[in-house]
Structures are given as C-alpha cells and as structure tokens.
Amino acid sequence: MRYLPLTDDDRRQMLAAIGVATVDELFRDVPAAARLPAPVDLPRHAGECAVERTLGAMARKNLSPSEVPCFLGAGIYRHHVPAAVDHLIQRGEFLTAYTPYQPEVSQGTLQYLFEFQTQVAMITGMEVANASMYDGATVCAEAVMMAARVSRRNRVVVSGGLHPHYLDVVRTYARFLGLDCVDLPPDWAGDEDLAPSIDGATACVAVQNPDFYGRVHDYSALAQRCQEAGALLVVTVTEPVSLGLLKPPGEMGADIVAAEGQGLGGAPSFGGPTVGLMAARNKFVRQLPGRLVGETVDVDGRRGYVLTLSTREQHIRREKATSNICTNSGLCALAFTIHLTLLGEHGFRQLAQLNHATAVSLADRLAKVPGIEVLNETYFNEFTLRLPKPGAGVVEALAERGILGGVPVSRFHPEREEVRNLMLVAASELTTEDDAAAFADALEEVL
Amino acid sequence: MAETASGNKALFVEEPLIFEQGDDATSGVDLPAPPTVKNRLGGLEREGRIGLPGLAEPEVVRHYLRLSQRNYSIDGGFYPLGSCTMKYNPRLNEKMARLKGLGDLHPLQPMSTVQGALELIDTLAHWLKVLTGMPAVAMTPAAGAHGELTGLMTIRAAHEDRGDARKRVLVPESAHGTNPASAAACGYEVDPVPANDRGRVDLAALKAKLGPDVAALMLTNPNTCGLFETDILEIAAAVHGAGAYFYCDGANLNAIVGRVRPGDLGIDCMHMNLHKTFSTPHGGGGPGSGPVVLSAPLAPFAPLPYVVHGAEGFRLVEHYTESDAKPFGRVKGFHGQFGVFVRALAYMMSMGADGLRQVAEDAVLNANYLLARLSGDLTPSFEGPCMHEALFDDRFLKDTGVSTLDFAKALIDEGFHPMTMYFPLVVHGAMLMEPTETESKGTLDAYIASVKALAARAKAGEADYFHQAPVHSPRRRLDETAAARKPVLRWAK
Amino acid sequence: MAITRFTKEHEWVRIEGDEGVVGITSYAQEQLGDLVYIELPEIGAEIAAGDQLAVVESVKAASEVYSPVSGTVAATNQAVADNPAQVNADPLGEGWFVRLKLRDPDEAEGLMDEDAYAVYCEGLA
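Residues numbered from 1 in each chain as written. Chains lettered and ligands numbered in written order. Predicted model: local features only at pLDDT ≥ 70, side-chain atom pairs only at ≥ 80, totals over all residues. Heavy atoms only, no water.

All names here are of chain B. Examined against the element boundaries, Val426 turns out to sit in the loop between strand S12 (420-421) and strand S13 (431-433). According to the relative accessible area criterion, Val426 is partly exposed, its value standing at 32%. Separated by 232 residues in sequence, Val426 and Pro194 have C-alpha atoms that sit 8.9 Å apart. The residues touching Val426, leaving out its near neighbours within four places in the chain, are Glu173, Ser174 and Cys225. (Helix = DSSP H or I, 4+ residues; strand = E, 2+ residues; numbered from the N terminus. Buried < 20%, exposed > 50% of the residue type's maximum accessible area, 1.4 Å probe, protein only. Contact = heavy atoms within 4.5 Å.)

So, in structure tokens, the structure goes:
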C-alpha cells in the first residue's frame, strides 16, 4: 500500500526489538471482546486511478458552477482566484505544517499570519484581528459570547438582516451558554428598528453589512446608541470584497467585526472549509478567542514572530479559556492573505468596484423582465428580487435550462409565506454580459 | 562564522513584511475597467487609503516562497508531535478536492444539481459509521474541538428532552485542554478525574464522582499518555449506570482504526479529526473537520443539516420543521467542511478496510519501536506497551541542567521537529512522541540515534549546548515574554 | 511593627492597622516565571477570604490570586499592572497587588507566619 513504508522484513525486525512475537500482542490492553478479528465490511484498498474514477463519477453528477452562468451568493461568493494562490498554498511547507507551536521552525506560518492579522484589521477598519476562526457563522457566535464576557451581561439582540445560518448558530451557542437571544424577524423589507430592543441588560447588538438581502447600511447611529446603553456593536460581513468599496465597520463604531473571508482566495467548496475573520478594539484583546501572532526578537536580536497571549486559550486556561477553539483555518487564511497581497490597494478597490458595477448592470437588466421587481435601493454585489411566483420552483426551472439563477429566500425560511417569492441574486467579476443576457432570457421563459 | 553583508545565509534569505514592500499603484492582478454605472451604495463609499501594499505577481510569489522555506513540515521531515497524528498528506486528496463539480460547488445550488456531492457526504458518513460501529454521525463540525462542543450539545439536548437537567461533566486530568473548554462552552461545570499510577483513569475515583447530576464522562481513548483504557468496559457500564453518557475524544483514533470499533466499547459519542486519522493536511493550523458519531439514544438530537436518502435521491434536511427527529440546532454555516470530506474519502478509499487496519498496526508498531529503543536512555512514564504514541518524562534529565524544552530545541538542530512537550500534565516534563504509520524504519532509526546522542550529551554535562539550541534554524529562541508584555499584533508604519 | 502572614496558595498579607496589603510570595513568582500580565480588582470591590482577588499570567501559565483575608479593595498597585516584572523583582515590596480595608484585622491570625511558611515551602520541594 502506497502510503505505508514499512516492509514485512522491517516489521519482523521491529517486533524483535520490542520483544514481542506479533503486533496483536501490542493490542493486549484492548478487551478481547472488542478486538476485531478481520477488516470491517468496507471496500479493500484502491489505486489512484480507481479512486479518481469513483470520485470523478460523483463530481460529474453535480452541475458545476464553473460551466454555467451562476448567480448564487447568500454567504458564499464565487470570485476568480489567481493561479498563484493555489500554487503557493500547495507548497508542502505550508500545506503540511502543524500549528506553529515551535516558532524557530515556523516563521513562515507565523509571518503570514501576522500579515493576515494586519490586513484584516486594515480592511475592517479595526485595531486588532486574530489569526482566523472556522467560518463567518461561528465567528459571529464567538463575537456574541465575547461581548457577553466584556459587558458582563447576557442578553444579545440579533438583527433580522443577519444571515439565517449565522442567526441559527448564534441561537444554538447562546442557548447552551445560558444567554438570552432576542432575534428580530427576517428584515427582507429593510425597515427594522433595533433601537427599542436595546436596554441596560443588552450585551450586544449583532448586525450585518451588507445585510442578508444585500442592503448597505450606515451603523454609526446604532453604534452611538449601543455605546450609550453600554452594549457592544457586532458587525458581520459575509462578502469580504465589499470592504474594498464600502465604509468599513470600524469607521462606523463597531466594537467587534465578525466576517466570512471565503470571498478572497477561497473556493466555494460546497460551503466549507472557509475562514472566519475576527477583529476588535484593542482594549478587548484579552477577551478575543483564537490564536494571536505577535512580533518579538530572537536571542540574536533578529525580528521574529510567536503565538502570544496564549493564556486566553484552551491549552492553558482549560475551562476558563475564552473559547474552546484549537485548530482554526490556517490554510484558508493563507489563501486569503495571498489573494489580498496580489490585489494590493489598487486591485482590491478595483475588484470591489467591478463587482458593484457588474451587479448594477445585472439588476438594471433583470428589472426589465416583466413581473420582476428589484427590492433594494442600495446594494454591493447582491440584491433581492421579488418574483411573480415562488423562488424555489423558479431556480429549479432555471437549473433545468443550465442556469444557477439565485438563492430562493424560502430555502432559509420555508415556513414564511412573505418571503416565498423572494430570490437573492449575486454578481461578480466572473459574470459576463452573455451570462446576464442568458439569465434574463431564461427568467422570461420560466416566469 | 562571519556575518554576510546581506544578513542572508545562502538558501535562507531574509524576507521583510509585505507592508515594507510595494506601493499603492502596483497590483499583481489585471482586472478590466468597471462599466460606468450609477452607483447604488447609498453614499457609503470608503474614503481614504486602506494601507494595503501592492506588489507584482513575481514579487508576491517570491515573498511566500521564501516564507514557506522557514517552515518545518511533514513533507520535509519527521514530525513526531504526540496526539497530533502528523502523517503523510497524500497529494491525490488535493487533486480530488479541486475537481470541477466538487471544489467549485456552491452550497445553495438546487439539491437536484448536487446529487453527487450529497452522495459523497453520505458515503463518507457510511465509512465513518462502519469503522466506528456507531449508528449515526453528525457531519458538520469544523474541527475536533467543534466536534466536542457538538457532541456535548447533543448530550445536553438528550438529557433535557427527558427533563433531566444535569450540570457536571467529568474530565480526566490528562485530557486535552479543549475538553474542559468545550464543556464550559456548553454550559457545564467541569469536574476533574484523577489518573492512577498506571496512567489510566482511577476507576474508584470515577465511580465516586458519578451521580445524578453528571451528564457525561469525556474520555480520550487511547488516552493522552498513549495508553488504552483497560477498564473501558467497566467505565462505560458505570457511566451508563449513573444515567450519564460516555463521550470519547477520538483524537487518537489512529491507534485503533480498523481494529477496534468504539461502538463495541460502550461509547455514546465520539468526534474524529479527519485532519489527523484520515490524512487531510493540517495546513499550519487548519482547516480541520470533526464529525461526531452517535449512539442510538443520541442520534435523534444531532444538529442540522444532515443528508437523507429517499425515493427522489439525496436531500439535505436543513430545518427543524423538515426533520422527523429532534435536532438541537446548527453549529456551522452551510453543510460542513466538504472540501475536507473529499480529501478524507479519497484517503479512506485508497487505504480500504484492509489498509486502515494496517494503519493502526503500523502506527502502534512504530510507537512501540520508539518506546523500546529509547527506554534505556530516556525514562518512560509507564510500563507495558503503548498504543500509537510513546510517553517519556524528564527524570532522565535530573541534575543535568537540561529541561524538556531545551532537549526539544536541540532536536530542531538535529533536523527533527520536537515531540509534544509538557503534555499530558499528569507526568513531569512530558515528552510525547507519535511517529504515525507513514514513517519508515530508516527515519525512526535516524531519529532514535539523534535522541540517544542528545541524551548522552545531556548526561555528559553539556547543558550549555542545550541552552544555546537551536542555532541552525531560521530564527533562534524567541522572546515570548517580551511579546506578551507589550503585544505587537499588527504592522504599523 | 506590621505583621505579615502567608497562605498555602502563596499569597501574603501585611497587616497595617485596619488595612492589609496583599501580594504573592517569592516562591510563587519563581514558580510562575516572568510575569507578563496582572489583572487587578476594581477599587471598592467586596472580597471575602478565599475569593479571587487578581489573575497573574506568565507566558505559559495563568493563575488566580486568592485573597488571604476579607475586606474592601481600597487601592491597587497600578505600577505592577503596567510593569509585571516588578513582581518578579520585589514580590514582597514594590510588587504588592492590593490594599484592602479589612473587615476583621484579626482574621489573618490563623495564617502561617514567615517561619511556618518557609517550612511549608521546603516541604514542597
């Protein structure tokens, strides 16, 4: 078997060195009744060729978004990832390294994470960022828990403009931790008022920008209201590319930013793995979950980087840690930081501008389709359409015509009549004029 | 040795931060000019510079290539980190995860267009259930610690469903830090259980702590001393007798995969680290994936979403209202770490039932070979064979002036990654070595020779050699105290 | 003359009239190593003997500091929060943590005196 270097002769020599006759003797601490006498009932080993055939067959049963016009977003965004990104993250020194616990031989990982932290802080407009979390939804939950620790309060208010998966994760974490979660109904109409829900018991308010339905917000007044009430403002971002064009959460007065980073460097990969971005005000740094890389010097006085403030973490603080997180999303953070480094200031802004302009062109084109209404007055690269019939059936009919048309809001809220005809539509630099025309034509056919 | 004018050392070239290179205008990506449109940003455009540096593509590639050369990696050398299972990460896995129709799939495509992806999740779930002898599996947790939290939430939901609000979780002192941290995040109080002098759970102490307020025992098996819990069947019976559930931390599954099924040990709940046992890369700290297998009493409470198979093919159950069970909620966005699933399944299919059994045998054989060959020079903490990892303590360094840390740093100069140090906490100055099955006898022999030479050196009174180490790495020992006292967590002009 | 008393958790308290000055012992700072962070209580906080009074952190460890006696926090030593190394340098002097207004100045009587504490530490080695 190709991944196992020991030969039978090696095994014999090693058993002799150990002083046992068979490998079975090494398993003698296992209760006899629990020792399997033979392999389990699964296929036997297979060569590369056979595995490729099996998995390739599964892949071909799917409709590949690379091959058809695709307008799906709602938290996962398709972008063009430069070839250098995937090449570099597959270098064995990055791909097959462990968490950088031995800094003398991990400066590569540590330096890119330090650069990553800096980039995340810069684009969110925050003072400090950690070295990544699992994904946007779990960061949002961690941000809410962190706000509860900082404020020493236990009521969290969640906007109806938050991604429904994020809300579900926040709700789940809050329930088990004993936090009171006040979640407002889905804000598809964009007329939510959070202020009345904020009082002296509120730990934080969690909002999203652009919100789930695509609208762009200025949360400065809300930040002010939170500050007066002693609550923290958590701003969630699901599309990092939007930060190239929009006023960042830090400039609106956010206390914690919880973001999904997949849109830079990451493949959609059916929703995971991705990378959670977490940034905050400096004064909360000791309440941050996850790893932090800091600058220092070695004994020869040369600059280097180490994991720092580790006493927040589970391996030292155990049940008193700020979070249970250990493994995070190192390699996805690497892809993110390489993509952003390739873009640079100019490229990042231009990419965001291109996304926005493409979305505007698409929205204007779709608005001409009879029966369709674009709900948003503002958006970045995703907006909500009201269709004359249920969105779920429309996307199925579009898929039959080879178009991945959008995300029906009913997929998240099957029980809510009022969102049945709504569909989220995203555009990006990958969207061509032909794609937009094909989409508009197909919509006319199926409506 | 004289310093070079540049400060570089041949292949080790110093590399500044990206922020110390580049400029505003340069970009490594060519994009078309955006079409002219009336913007719909509502006056909320960003003003002023972000501060990002811009570099051309060759500069970017060189930057990250140079950084990569400062890392130790499993591709490059032996990485015997105990409890981390640093085995070889097959490149076929990477190729499969990037297939068109897998890597590029959007999670919200109509389910009719992702039947192959759902089949893949279902197939992986089947392999995991058969290998563990458990009836159900929750696939969505993002990593091991996330799996622990998910498992404990399942347990709490099951208790609460019966109106049984239990508050305590028992965790052995030797447990990984994530165990108590996960229990706390699930709203439980943590109650430590002592180890006996054989490195196993003290059964009498455990039984004394069990009671009507204990929700679960969280036990790692094989445990963090690299030992199989010999009393495990009695432990399971005692836990169940007290109305509690038996959670197993499956971080060390590599020792028993294909040879012992946790389901036969009375376990109710166990997470697996696909990035350990099933060869997906650690990536410098993730991403991972931590599916949790569940016993029949816990299965109905597994979180959303999950895949079912019916007359119309595969389907994701994403909502409580669509479920015929009692899912406790959702722990992650979308459907789990699909890209990691593809890699793990590629590995499992490559190894097969027969190969995975051989994995456990070779992993245990390699660890016992280290234990046997090093026992004369180092001090093993416990008697008898180990499972997949060998535990030593620092008694052999007594009065040498050399600490476990010094010893480990000297191994770096020898060209090896250090073993896990100072963990588990139950032995003094722990050195935990896990070779995994993907190392050859030749590699083990070279490592053994270095460890023996270093032990001899320590005993010969060469403490200063160890205090200086490492001297050949890209950086020498770093000042962690200064880093923590005045944290510098980002670059600033 | 002020009396100083010690706990098994390696805190000390020096009784000065109706106030007590609290810190950690030299043994404690040696065991912890270079301190990097100290979290002090808020002034005015009511503390009972055995309650958590402060948190001290080195690079690899974090420990709670428990109050040897009961009282109200009257002052905290901002200098050690700003420069934790001061505790390593002078644990029983400039490295003090908190000044408590004592609830019962006789409460410290039950704790170890300097000689008893020295014997206790020897027993730990």
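Having seen the model, we can carry on.
A word on the pattern of salt bridges. Across all of its chains, the model carries 67 salt bridges over all chains by this definition. As a salt-bridge pair, Arg40 of chain B and Asp364 of chain A come within 3.0 Å of each other at their nearest N and O atoms. Of this pair, Arg40 of chain B sits in the segment before helix H1 (57-68) while Asp364 of chain A sits in helix H11 (residues 330-366), placing the two residues on different chains. Judged by its relative accessible area of 19%, Arg40 of chain B is buried. One connected set of salt bridges, linked through shared partners, spans Asp24 of chain A together with Arg259, Arg357 and Glu361 of chain B. (Salt bridge = Lys/Arg side-chain N within 4 Å of Asp/Glu carboxyl O.)

Let us now look at the domain arrangement of chain A. Residues and elements named next belong to chain A. Each assigned domain of chain A is listed here: domain 1 (83-339) and domain 2 (343-446). Centre-to-centre, using C-alpha coordinates, domain 1 lies 28 Å away from domain 2. With 23 residues of domain 1 at the contact, the number on the domain 2 side is 26 residues. Note on domain 1 versus domain 2: buried area summed over both sides is about 2000 Å², and carbon and sulfur give 70% of it. Of all residues in domain 1, Trp188, Tyr213 and Leu245 bury the most surface against domain 2, accounting for 30% of the area lost on that side. (Domains from an automatic or database assignment. Buried area = accessible area lost by both parts, 1.4 Å probe.)

The omega angle of the peptide bond from Asn221 of chain B to Pro222 of chain B is -10°, so this bond is cis rather than trans. Mapped onto the elements, Pro222 of chain B comes out in the loop between strand S4 (214-220) and helix H7 (232-241). With an omega of 0°, the peptide bond running from Phe423 of chain B to Pro424 of chain B counts as cis. You can see Pro424 of chain B is positioned in the loop between S12 and S13. Unusually for a residue other than glycine, Arg152 of chain A sits at a positive phi of about 55°.

Our focus in this paragraph is the interface of chain B and chain A. Interface size is commonly expressed as the accessible area that is lost once the parts come together. Across the contact, 212 residues belong to chain B and 191 residues belong to chain A. Around 17400 Å² of area is buried between chain B and chain A when both sides are counted, 64% of it from carbon and sulfur atoms. It is Arg40, Arg46 and Leu489 of chain B that lose the most area in chain B upon contact with chain A, and together they represent 5% of the buried surface on that side. Here chain B and chain A share 15 salt bridges between them. Note that Lys332 of chain B and Asp135 of chain A form a salt bridge whose closest N and O atoms lie 3.2 Å from each other. If you tally residues by element for the side of chain B that touches chain A, the top one is helix H8 (residues 338-374) of chain B, at 27 residues. Here the side of chain B that touches chain A is built from residues that sort into 107 nonpolar, 58 polar and 47 charged. (Nonpolar A, V, L, I, M, F, W, Y, C, P; charged D, E, K, R; others polar.)

So, on to the nonpolar core. One recurring pattern in soluble globular proteins: nonpolar side chains tend to sit buried together. Of all hydrophobic cores here, the largest spans 124 residues; its most connected members are Phe278, Phe407 and Tyr447 of chain B. For this core, the leading source of residues is H8 of chain B, giving 22 residues. Two domains each donate at least three residues to this core, and these are domain 1 (92-348) and domain 2 (352-473) of chain B. Residues contacting Phe278 of chain B, with those up to four places away along its chain left out, are Leu128, Leu131, Leu253, Val257, Asn273, Ala344, Tyr347, Met348 and Leu356 of chain B. Counting residues in each nonpolar core, the second largest holds 78 residues, with Ala229 and Ile338 of chain A together with Leu67 and Trp491 of chain B among its members. (Core = buried A, V, L, I, M, F, W, Y, C linked by side-chain atoms within 4.5 Å.)

Attention now goes to the interface of chain B and chain C. Across the contact, five residues belong to chain B and eight residues belong to chain C. For the pair chain B and chain C, the summed buried area comes to about 520 Å², and 50% of that belongs to carbon and sulfur atoms. Its largest share of buried area at the contact with chain C, chain B owes to Glu480, Thr481 and Arg485 of chain B, together 79% of the area lost on that side. Taken together, chain B and chain C are joined by one salt bridge. When the shortest N-O distance is used, the salt bridge between Lys60 of chain C and Glu480 of chain B registers 3.2 Å. Applying the counting criterion to the chain B and chain C interface returns two residue pairs in polar contact (both at pLDDT 80 or more). Of the residues in the side of chain B that touches chain C, the class split is one nonpolar, one polar and three charged. (Polar contact = N/O pair within 3.5 Å; in protein donor to acceptor, adjacent residues only side chain to side chain.)

Attention now moves to the packing of aromatic side chains. Evaluation of the coordinates by the stated rule reveals 22 aromatic pairs over all chains. Aromatic side chains Phe114 of chain A and Tyr305 of chain A sit 4.8 Å apart centroid to centroid with 40° between the ring planes, which places their arrangement in the tilted category. Highlighted residues: Phe114 of chain A in helix H5 (residues 107-124) and Tyr305 of chain A in strand S9 (residues 303-307), separated in sequence by 191 residues. Phe114 of chain A sits in the buried class, given a relative accessible area of 0%. Ring centres 5.2 Å apart and planes at 10° place the aromatic pair Phe19 of chain B and Trp491 of chain B in the stacked group. In this pair, Phe19 of chain B is assigned in the segment before H1 and Trp491 of chain B in the segment after helix H12 (480-485), connecting sequence segments 472 residues apart. Each member of the pair, Phe19 of chain B as well as Trp491 of chain B, is classed as buried. (Phe/Tyr/Trp six-rings, centres within 6.5 Å; stacked < 30°, edge-to-face > 60°.)

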